[in-house]
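Chain residues, written in single-letter form:
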Amino acid sequence: MRSLTAKPAEILQVTDQIYRITLSQPFYAPNQVYLIRDETTMLIDSGYVESIGSLALALKQLGLSMREVDVILYTHPHIDHITAGLLWGTYARRTQKWGHHTMARDIPDYPDFIDVWQADTSRILTLAFRDKQARQTRIRKANDRWARFVRRFAEAQDVPGVGRDTDVSSATQKVTKQGDRAVKLDRLLKEGDEFSTGKLRFRILETPGHNTWHITPLEVSQGFAFTGDLLIGNIPAIYDKLDGNLELFQQSLLKLLEERKQMPAMRFLPAHGDEILQPERAIKIVLKTIGILENGLLKKLVEGRKDLVDLMESAFGAHIEGGNHFITALELLEALLRKLMREGRVGSQLYPDGYEEFYLKH
Ligand SMILES: [Zn+2]
């Protein structure tokens, strides 16, 4: 049994009612969980399962226990946003979970949902690499990584300092609990839903694209957009075959732009990285970058048929191979290609072994 260390989180007070809690995680840039301290105490996202101890410590520093959190609102069900929430009920049963109205129905079993992601990693590596040996080596590596994650999540684990009547300062005190397999929601949120936490008033925007069930809660009395992974410092991951769609992503960004026009002082608080200080500019840069990547692909395809590895090297350089973002980059390029295919500009040939080549249409 491993024990987890509860690293202290960084806390930033944004306003009287809004706090930002920064939690480290193994996959990507640290997660920003937002605490709404109002008549209703609400967290926006919960972070990755292994940072639940850090989150509990941060709350404790602010004079709150886990049980005093009334609501966790999920922007979307990706690992680093929801898995601490799946373990949360073991320590604080009364906390309600809110999220997109079809999320719980569509994801009845979270570890199964993770298996689908693992399978997709094998699929895209098979699609990208013509050489069977090259493929297998990479698939094996990716599977090992997934197996480690699933073990961590599905098995009972030691979480120091987050127990019921725990003295968090006693880091040796350990509580062994198991997470929920199911995503259970107490409130199903949809476009236009409004609610108040006391002083603050929220309205829900459905913002799919990065993820089918992505919502952006807007605080409309003072003007805040909790943009989740929709608008972060760069283009977020988009997995076309799983839960992403580039056209919807672009539409959701334009939707955010509209909201900002209605409320020009609206501040943008993302789930990774710092506050986005120039939201219009940030949105335009993301949309422009997508256009540049698209044009790059089309230009490369003028040379003839290409596979994902060829296109990857020309888009991002060969150095990205072996890096942490390799799979994500492959998936983003695939999302771009599928969009071009839906527009009738690119065609593809899928071979019986799963390898795929892309070509320009006419
Ligand atoms: Zn995400």
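Check the entry above for the structure.
Just so it is clear, the structure is predicted and the values come from calculations on it, not from any experiment. Every chain's residues receive numbers from 1 upward, in the order its sequence appears when written. Thresholds applied to this predicted model are a pLDDT of at least 70 for local features of residues and 80 or more for the giving and counting of side-chain atom pairs; totals over whole chains, interfaces and linings are not thresholded and use all residues. Calculated side-chain values reflect all of the structure's heavy atoms, with hydrogen atoms and water omitted.

### What about unusual backbone geometry?
For Asp45, which is not glycine, the phi torsion reads 70° and is therefore positive. Tracing the backbone through its elements, the reader meets Asp45 in the loop between strand 4 (41-44) and helix 1 (52-61). Residue classification places Asp45 among the buried positions, given a relative accessible area of 2%. By definition, any uninterrupted DSSP run of H or I lasting at least four residues is a helix, any uninterrupted run of E lasting at least two residues is a strand, and each is numbered from the N terminus. Exposure classes here rest on a 1.4 Å probe applied to the protein chains alone. A residue is buried below 20% of its type maximum, exposed above 50%, and partly exposed in between.

### Describing the coordination of the zinc ion
Distances up to 2.8 Å from the metal define which N, O and S atoms are donors, and 3.2 Å serves for Na, K and Ca; water is absent from the atom set, so sites may look incomplete. Each protein donor to the zinc ion is listed here as His76 (NE2), His78 (ND1), His210 (NE2) and Asp229 (OD); together their distances run 2.1 to 2.3 Å. Angles of 89 to 171° at the metal separate the four donor atoms of the zinc ion, which places the site in the irregular class. In the primary sequence, the donor residues of the zinc ion line up as H-x1-H-x131-H-x18-D. Of this pair, His76 sits in the loop between strand 5 (71-73) and helix 2 (79-88) while Asp229 sits in the loop between strand 13 (224-228) and helix 6 (246-262), and the two are 153 residues apart along the sequence. Residue classification places His76 among the buried positions, given a relative accessible area of 0%. Since its relative accessible area comes to 5%, Asp229 is described here as buried. Under this scheme a four-donor centre is tetrahedral when all angles range from 85 to 135 degrees, a four-donor centre is square planar and a six-donor centre octahedral when opposite donors are above 155 degrees with the rest from 65 to 115, and any other centre is irregular.

### With respect to the side chain of Glu294
Assignment of secondary structure puts Glu294 in helix 7 (residues 279-302). Residue class for Glu294 comes out buried when judged on its relative accessible area of 8%. The contact criterion used throughout is that any non-hydrogen atoms of two residues lie within 4.5 Å. Discounting chain neighbours no more than four positions away, the residues touching Glu294 are Leu336, Lys339, Leu340 and Arg345.

### What to know about the sheet that holds strand 15 (residues 306-307)
Two strands are counted as paired when DSSP detects at least two bridges linking them. Reading across from one edge, 15-17-16 is the order of the three strands in this open sheet, with antiparallel pairing throughout. Edge strands, defined here as strands with exactly one partner in the open sheet, are strand 15 and strand 16 (346-350). Sheet topology places strand 16 next to strand 17 (residues 356-360); five bridges connect them, and they run antiparallel. Among the inter-strand pairings, Gln349 is bridged to a residue of strand 17, identified as Glu357. Interaxial angles span 0 to 180 degrees and are taken between N-to-C directions of axes, which are lines fitted to C-alpha atoms, for helices over the stretch in contact. Against the sheet, helix 9 (residues 326-342) touches strand 16 and strand 17, its axis set at about 115° to strand 16.

### Quick notes on the pairing of strand 13
Burial runs high along strand 13: five of the five residues are buried. Residue alternation in strand 13 divides its side chains into two sets, Phe224, Phe226 and Gly228 and Ala225 and Thr227, and both sets are buried. Strand direction decides the pairing type here: strand 12 (residues 215-219) and strand 13, joined by two bridges, are antiparallel. Paired with Glu219 across the two strands is Phe224, which belongs to strand 13. The turn linking strand 12 back onto strand 13 is made up of four residues, and Gly223 within it adopts a positive phi angle of 95°. Sheet topology note: the strand 13/strand 14 (residues 267-270) ladder contains four bridges and is parallel.

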